[in-house]
Amino acid sequence: SEVRIKHSLDKNEEDFRVSRRTTVQQCLQRHQIHCSRDEVPNIALLGSGGGERAMVGLLGSLVQLDKAGLLDCVSYLSGVSGSTWCMASLYQEPDWSTKLEAVKDKIVQRLSGPAVSWGDAYAKLKKYYYEKDIFSLTDFWAAMVVTTYVKEIDEHTLKEEDWDQHSKDPFPIYTVIDKQCKQQKEGDPWFEFTPHEAGYSLTGAFVRDSNFGSQFEKGSMIKKQPEIDMLYLQGLCGSALADGEENWKFIWQKIKDFFGHLKSNIKIFEEMGKVDPDPYIDKCFQVLLDLVDMNLCVLDGKDPSAYDESIRTILIDLSEGKSQLIFPEGKLDITDKEAAKLYMERYSTDVCNDLCNKEMVQINFWPFDMCCSICRCMAQWIWGRRYNFLHNMTDEAVPTPLLESKTRDFEDAGLLLNSPYFSVLREERDVDLIISLDFSDGDPFTTVKEAANMCRERNIPFPEVNIPSEHPKKPNDFYVFPGQNAPTVIHIPLFNVVNCGDEIEAWRNKYCTFQGAYSAKMITDLIEVAGKNITNNKAKLVKEIRAIIEQKR
């Protein structure tokens, strides 16, 4: 079998832990903390979700951990959503932790600079569409939206051979969730990517990173797919909009902008060598734009009949009367939201199928094949769909739902828990101390409280979490939840009464999760305020590390 089902660590990770123990021990000695190799603590640093706020906040925290001489104490660096954007930038640089100030400057310069050109993002989307079997909204999101925040197209992969260049860095864990497991509340939703494996954290089912997304049957690969790159992984990890109907209008608008941009760049199609393609292109674009507007109209509760009539007329014209919509007219009730949703899902799919019908071969070429796929994915709300490497395996250790489906859908882990606790709570990772950097929007204690509740339900050791009632609005900058036969958790809210004073709400409003890319000043200010949470608590961090070692003794 090319699938590993076992509650153990990959051998490469085991080897890393052995070598990292020496690094951590030497780091502790520089702080006058002396312990044997067996007493060296396993420390995990967690970065929560929070878009660019989390990306920049994690960077500022890591810089100050380095200046405090504590970064080498950390064995694991795990992230959700925006924090993974920071991690992806860091791990582009070999042994980044040995030159973090320079790496930080490079990242800040990029984030403060120009966005990725539309043409480059478009070319990347085209590559995503044609190189693999399954296309989803995550491809569109990564190429056309995530690039506007991270300001690069990162085509690195999680190749094992590249890990040799990071012997001095913490071990990275990128996290997402299985959407079906979350919705059906069965199976293991927690999914992780390391430099060596991708798989279900608690189930203990893994495949090599390079094979994630390839087609498997009964534990053996039957069709290879391209290895995912870091831009796609950032889109997958940072797909917070993949859940909730309130986001549909936002995504449809993004798609409308994309189609409009395509239409204004009509010369792209002329370069394809098509003979006099203009009439077809204009009509096809009109169908697509009418379809988007019709969906937006229905979401706003408005009558979309004018768009419906236009779509049907143009499709008949394009096929010279040979093809028409199978979907019946006049049965859309916009007052019934659920019925309207189902109607538009079927209608949109039908329009796209008709547009790419064999009767209209003159227009079934790039980019309309991909544009129709985008609309189909949007109509069916398909995000992060990949082949299921556990398909049709027989193993009692794996929940049945994970074995039955040919594909699985993955999305932002923050949609279930906005911090990657479960990646480091794997028993075999034997983590002693968790440092939780919380960059979440709203209540800064939601993640740690939810983690405690989820662990209680699953009988996973986790400390008691008690928060004074007034603290969610006015949090301190350092909380310790001691573990008894469980990891100790240090929880650090980004904005607090120490680094923000009475301006906590102003800082929260300034750095919203869903807003445009930050200015250079916003980035430097946020790096500074996040860094204060480390510099102000260096002594407390050292004290808790000492306590963990005493506890191990």
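Before any of the text, the structure's been laid out above.
So, here's what we can say about the structure. (Residues numbered from 1 in each chain as written. Predicted model: local features only at pLDDT ≥ 70, side-chain atom pairs only at ≥ 80, totals over all residues. Heavy atoms only, no water.)

### Comments concerning the environment of Ile311
On the secondary structure map, Ile311 appears in helix α13 (residues 305-318). With relative accessibility at 0%, the residue Ile311 sits in the buried group. Put simply, Ile311 and Val287 are 24 residues apart on the chain and 5.3 Å apart in space, counted from C-alpha to C-alpha. (Helix = DSSP H or I, 4+ residues; strand = E, 2+ residues; numbered from the N terminus. Buried < 20%, exposed > 50% of the residue type's maximum accessible area, 1.4 Å probe, protein only.)

### Comments concerning the pairing of strand β4 (residues 171-178)
Counting buried positions over the eight residues of β4 gives eight, a clear majority of the element. Sheet analysis places strand β3 (residues 76-80) next to β4, joined by five bridges and oriented parallel. Bridge pairing in β4 links Val80 to Thr175. Where β4 meets strand β5 (residues 190-193), four bridges bridge the pair, whose relative direction is antiparallel. The partner of Tyr174 across the bridge, within β5, is Phe193. (Pairing = 2+ DSSP bridges.)

### Observations concerning the packing of helix α10 (residues 248-264) against helix α15 (residues 368-380)
A pair of packed helices is characterised by two quantities: the angle between their axes and the separation of those axes. Running from amino to carboxyl end, α10 crosses α15 at an angle of 175°, the nearest separation of the two axes being 11 Å. Relative to α15, the element α10 is oriented roughly antiparallel. Across the interface between the two elements, Trp248, Ile251, Trp252, Ile255, Phe258, Phe259 and Leu262 from α10 touch Met370, Cys371, Ile374, Cys375, Met378 and Ala379 from α15. Classifying every residue of the contact of α10 with α15 by side-chain character gives 13 nonpolar, no polar and no charged. (Axes fitted to C-alpha atoms, helices over the stretch in contact; angles between N-to-C directions. Parallel < 35°, antiparallel > 145°, perpendicular 65-115°, else oblique. Contact = heavy atoms within 4.5 Å. Nonpolar A, V, L, I, M, F, W, Y, C, P; charged D, E, K, R; others polar.)

### Quick word on the packing of aromatic side chains
In total, this model carries 32 aromatic pairs according to the counting rule given. Between Phe140 and Phe258, the ring centres sit 5.5 Å apart and the planes meet at 80°, which makes this aromatic pair edge-to-face. In this pair, Phe140 sits in helix α6 (residues 137-150) while Phe258 sits in helix α10, placing the two residues 118 residues apart along the sequence. Residue Phe258 is classed as buried on the basis of its relative accessible area, which comes to 3%. Aromatic pair Phe258 and Phe259: ring centres 6.0 Å apart, planes at 50°, arrangement tilted. As far as burial versus exposure is concerned, Phe258 and Phe259 are alike and both buried. Counting every residue linked through ring pairs, the aromatic cluster contains Phe191, Phe193, Tyr200, Phe212, Phe389 and Phe410. Seen from the ring of Tyr128, Lys132 lies directly overhead, with NZ or CZ sitting 5.2 Å from the centre. When the ring centre of Trp507 is taken as origin, the NZ or CZ atom of Lys510, which lies over that ring, is 5.5 Å away. (Phe/Tyr/Trp six-rings, centres within 6.5 Å; stacked < 30°, edge-to-face > 60°. Lys NZ or Arg CZ within 6 Å of the ring centre and 35° of its normal.)

### Re unusual backbone geometry
Look at Gln32: it is not a glycine, yet its phi comes out positive at around 60°. With respect to the helices, strands and loops of the structure, Gln32 is situated in the loop between α1 (11-30) and β2 (43-47). Unlike most non-glycine residues, Asn392 shows phi in positive territory, near 60°. For Asn392, the location among the structural elements is in the loop between β10 (385-387) and α16 (400-404).

### Quick word on the packing of helix α14 (residues 337-355) against α15
Two numbers describe how α14 lies on α15: the axes approach to 8 Å, and their chain directions differ by 165°. With respect to each other, α14 and α15 are oriented roughly antiparallel. Relative to α15, the crossing made by α14 is left-handed. Along its contact with α14, which presents Met344, Glu345, Ser348, Thr349, Cys352, Asn353 and Leu355, the element α15 presents Cys372, Cys375, Arg376, Ala379 and Gln380. Among the residues forming the contact of α14 with α15, the class breakdown is six nonpolar, four polar and two charged. (Left-handed = near helix turned anticlockwise from the far one by under 90°.)

Keep in mind these numbers describe shape, not what the thing actually does.
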